[in-house]
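Per-entry structural report
Okay, here's what each chain looks like letter by letter:
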Amino acid sequence: MAPSPDRSGTGTELVKRGMAEQLKGGVIMDVVTPEQARIAEDAGAVAVMALERVPADIRAQGGIARMSDPDMIQGIIDAVSIPVMAKARIGHFVEAQVLQSLGVDYIDESEVLTPADEAHHIDKSAFTVPFVCGATDLGEALRRISEGAAMIRSKGEAGTGNVVEATRHMRALRAGIRRLATLDETELFVAAKELRAPVELVREVAAAGKLPVVLFTAGGLATPADAAMMMQLGAEGVFVGSGIFKSGDPAQRAAAIVQATTFFDDPDVIAKVSRGLGEPMVGINVATLPDSERYATRGW
Amino acid sequence: MSAPVVGVPVVGVLALQGDVREHLAALRAEGADARPVRRPEELATVDGIVLPGGESTTIGKLAARFGLLEPLRDAVTSGMPAYGSCAGMIVLADRLLDAPPDQVTVGGLDVTVRRNAFGRQADSFESTVRFAGLDGPPMPAVFIRAPWVEEAGEGVQVLGRVEGGPADGRIVAVRQGNVVATSFHPELTGDRRVHALFVDIVRRHERGQS
């Protein structure tokens, strides 16, 4: 039900980026069933990410991870009133077309799924639906934005319950942005070359001191304190994947992470909501992961 | 006789979740002392309150959990100026359609608001709205999974409607006393006329009380 028959005014940069602005300060939760989606909505999630297996299970079970079954995504769309996101494989523009046709509100072109193209990301500007993409540093973030991403998240290392890689990526993004602000016009040309990003975008970041799109964090968050730490490191919101529904008490942990994200700078609140949450997800030491099992190295 | 000297109006932005920073920037540009509000004691320091865009279910739950719901209701009921954009319109509405049965709101605005009325994100759009009482060209308006006012009570002034398309004539901007609400997001477009209007409402309210 578009406001005009020709759908004029839909899918603009402002509409896509503006949607992400509405999610700020919020928590986006991975869910695999309509029941989990309802639990997430009840806990105060700003959106859910519909997928077939959470990253921890993708790791455990192996095989090729793809876009989810449309029936499953539809079931989740029907179950909740908050926005529904879904993942497409890196470069798999037809999965993205299918997700757009299903009516998802945001597509995550995600390294958690098995990449479908080793050279090209999806041309995201060709879609009405907005995209979020992962990044490990500023150059990667700017390359995704130049392809049309309307939101960026750190990659972290999904499905590990270990926040160390998300920390690395958030610090790298922040350091990269700060460094640009110290450069003069001539140096920005060189920086653009080094970052392998368009110089206009590099100039824009240098002037604003921030990305032109919303920056969330993702990958390995498992506790309220993890979420608050990422917010203190400059994230504007958080994705939590396996950390909620692989824990002992998902509903309570989900609500606690929502509260810790809002009061990320108030240790008293974080302490209070962190009590009695039951078992967190078990987790994996990222240092022992072989390179072939690191999702953050997917994409470029 | 010159106008009485009054201080800079202090305007809070409910900062539980949503596009808080954009509202703070727009209010400051219009001369307000704008502050984020996350706690009842912070609400007590402001002369007016903005309910930002965001996810209305999340904002409602956090407001309830952190003891802000009743103080907000009391403030709006007792005449504190309030402005809500998008999710903020939902939070100010007395009645909701297409909402989860347990969704809580602050209320205070005698309207029935339909959530996600225009559709999903693929249906979100930019347009313009002729805003009653504001000088200048039609206002650029961005609607993001936006609500509309399905029914407005007798005391509610309609300030803007959708023009053209299947949603033609739907109400997207209203005012009732000191409470203003828009389905769209003036905080995202750089057109600050709604924020200027609201800061003026806060200023007049303070002057009337002093």
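For the structure itself, consult the block above.
Reference entry: report on the structure contained in this document. (Residues numbered from 1 in each chain as written. Chains lettered and ligands numbered in written order. Predicted model: local features only at pLDDT ≥ 70, side-chain atom pairs only at ≥ 80, totals over all residues. Heavy atoms only, no water.)

What about the overall build of chain A?
The secondary structure content of chain A amounts to 13 helices and 8 strands. For chain A, the C-alpha radius of gyration of 18 Å lies close to 19 Å, the compact-globule estimate for 300 residues. With the C-alpha coordinates aligned to their principal axes, the bounding extent of chain A is approximately 55 × 45 × 40 Å. Each of the 300 residues in chain A was classed as buried or not, and the buried ones make up 62%. For chain A, long-range pairs separated by at least 24 residues make up 66% of all intrachain contacts whose partners lie at least 6 apart in sequence. When the accessible surface of chain A is split by element, carbon and sulfur atoms take 53% of a total near 11,100 Å². (Helix = DSSP H or I, 4+ residues; strand = E, 2+ residues; numbered from the N terminus. Rg over C-alpha atoms; globule rule 2.2 N^0.38 Å. Buried < 20%, exposed > 50% of the residue type's maximum accessible area, 1.4 Å probe, protein only. Contact = heavy atoms within 4.5 Å. Areas by Shrake-Rupley, 256 points an atom, 1.4 Å probe, with all protein chains shown as cover.)

Topic: the side chain of Ser247(A)
Residues and elements named next belong to chain A. Structurally, Ser-247 can be placed in the loop between helix 11 (242-245) and helix 12 (250-262). Its relative accessible area of 11% is what places Ser-247 among the buried residues. Of the polar contacts made by the side chain of Ser-247, one reaches the backbone oxygen of Ile-244; its length is 2.7 Å. (Polar contact = N/O pair within 3.5 Å; in protein donor to acceptor, adjacent residues only side chain to side chain.)

Some remarks on the pattern of salt bridges
Scanning the model with the defined rule gives 34 salt bridges over all chains in all. Asp57(A) is the salt-bridge partner of Lys246(A), the closest N and O atoms lying 2.9 Å from each other. Taken together, the positions of Lys246(A) in the loop between helix 11 and helix 12 and Asp57(A) in helix 3 (residues 55-61) put the pair 189 residues apart, joining distant regions of the chain. Its salt-bridge partner being Glu236(A), residue Arg21(B) comes within 3.0 Å of it at the nearest N-O pair. Taken as a pair, Arg21(B) in helix 1 (residues 20-29) and Glu236(A) in the loop between helix 10 (224-232) and strand 8 (238-240) lie in two separate chains rather than in one. You can call Arg21(B) partly exposed: its relative accessible area is 40%. What you see here is one network of salt bridges that share partners, running through Glu21(A), Lys24(A), Glu236(A), Arg21(B) and Glu22(B). (Salt bridge = Lys/Arg side-chain N within 4 Å of Asp/Glu carboxyl O.)

Here we look at helix 9 (residues 199-208) of chain A
Residue and element names in this part refer to chain A. Along helix 9, the positions that sit buried rather than exposed are Val-199, Leu-201, Val-202, Val-205 and Ala-206. For helix 9, the buried positions fall inside an angular range of 160 degrees around the axis, keeping them on one side. Turned more than 90 degrees away from the buried face of helix 9, the exposed residues are Glu-200, Ala-207 and Ala-208. Those residues of helix 9 hidden inside the fold are in contact with helix 6 (138-146), helix 7 (164-180) and helix 8 (185-195). A positive backbone phi angle near 70 degrees is found at Gly-209, which sits one or two residues after helix 9. (Arc of directions from axis to C-beta.)

Focus: the pairing of strand 4 (residues 106-110) of chain A
Remember that side chains alternate between the two faces of the sheet whenever the strand is regular. Residue and element names in this part refer to chain A. Taking burial as the measure, the 5 residues of strand 4 include 5 buried ones, the bulk of the element. The alternating pattern of strand 4 places Tyr-106, Asp-108 and Ser-110 on one face and Ile-107 and Glu-109 on the opposite face, and all of these are buried. On the question of chirality, the crossover connecting strand 3 (residues 84-89) to the parallel strand 4 by way of helix 5 (residues 93-102) is right-handed. As judged from the 3 bridges shared by strand 4 and strand 5 (residues 131-135), these two strands associate in the parallel manner. Among the inter-strand pairings, Glu-109 is bridged to a residue of strand 5, identified as Cys-133. (Right-handed = clockwise from strand over helix to strand, strands pointing away. Pairing = 2+ DSSP bridges.)

Some points on empty space enclosed by the protein
Taken as a whole and assessed by the stated rule, the structure comprises 3 cavities of 30 Å³ or more. Considered as a void within the structure, the largest cavity measures approximately 170 Å³ in volume. When residues of the lining of the largest cavity are traced back to their parent elements, those giving at least two are strand 8 and helix 11 of chain A. Residues of the lining of the largest cavity, tallied by class, amount to 9 nonpolar, 7 polar and 6 charged. The space that makes up the second largest cavity amounts to roughly 140 Å³. In terms of lining, the second largest cavity is formed by 14 residues, of which the most central are Gly54(B), Glu55(B), Asn116(B), Ile144(B) and Arg145(B). Here the element with the most residues in the lining of the second largest cavity is helix 1 (residues 13-23) of chain A; it accounts for 3 residues. (1 Å grid on protein atoms, 1.4 Å probe; cavity = no way out; pocket = protein on both sides within 12 Å on 5 of 7 lines; lining within 4 Å. Points joined across faces, edges and corners; volume = space filled by probe spheres on them. Nonpolar A, V, L, I, M, F, W, Y, C, P; charged D, E, K, R; others polar.)

Topic: the layout of surface pockets
Considering only enclosed or pocket space, the largest pocket measures out at about 700 Å³ in volume. Surrounding the largest pocket, 29 residues form its lining, Met231(A), Ala235(A), Glu236(A), Phe264(A) and Arg21(B) being those nearest its centre. Going through the elements one at a time, helix 7 and helix 12 of chain A together with helix 1 of chain B are the ones with two or more residues in the lining of the largest pocket. Taken as a whole, the second largest pocket spans an internal volume of roughly 180 Å³. If you trace the second largest pocket, you find 14 residues lining it, with Glu22(B), Glu187(B), Leu188(B), Thr189(B) and Gly190(B) closest to the centre. Those elements that place two or more of their residues in the lining of the second largest pocket are helix 1 of chain A together with helix 1 of chain B. In terms of residue count, helix 1 of chain B provides more of the lining of the second largest pocket than any other element does, 5 residues in total. Its residues assigned to classes, the lining of the second largest pocket shows 5 nonpolar, 3 polar and 6 charged.

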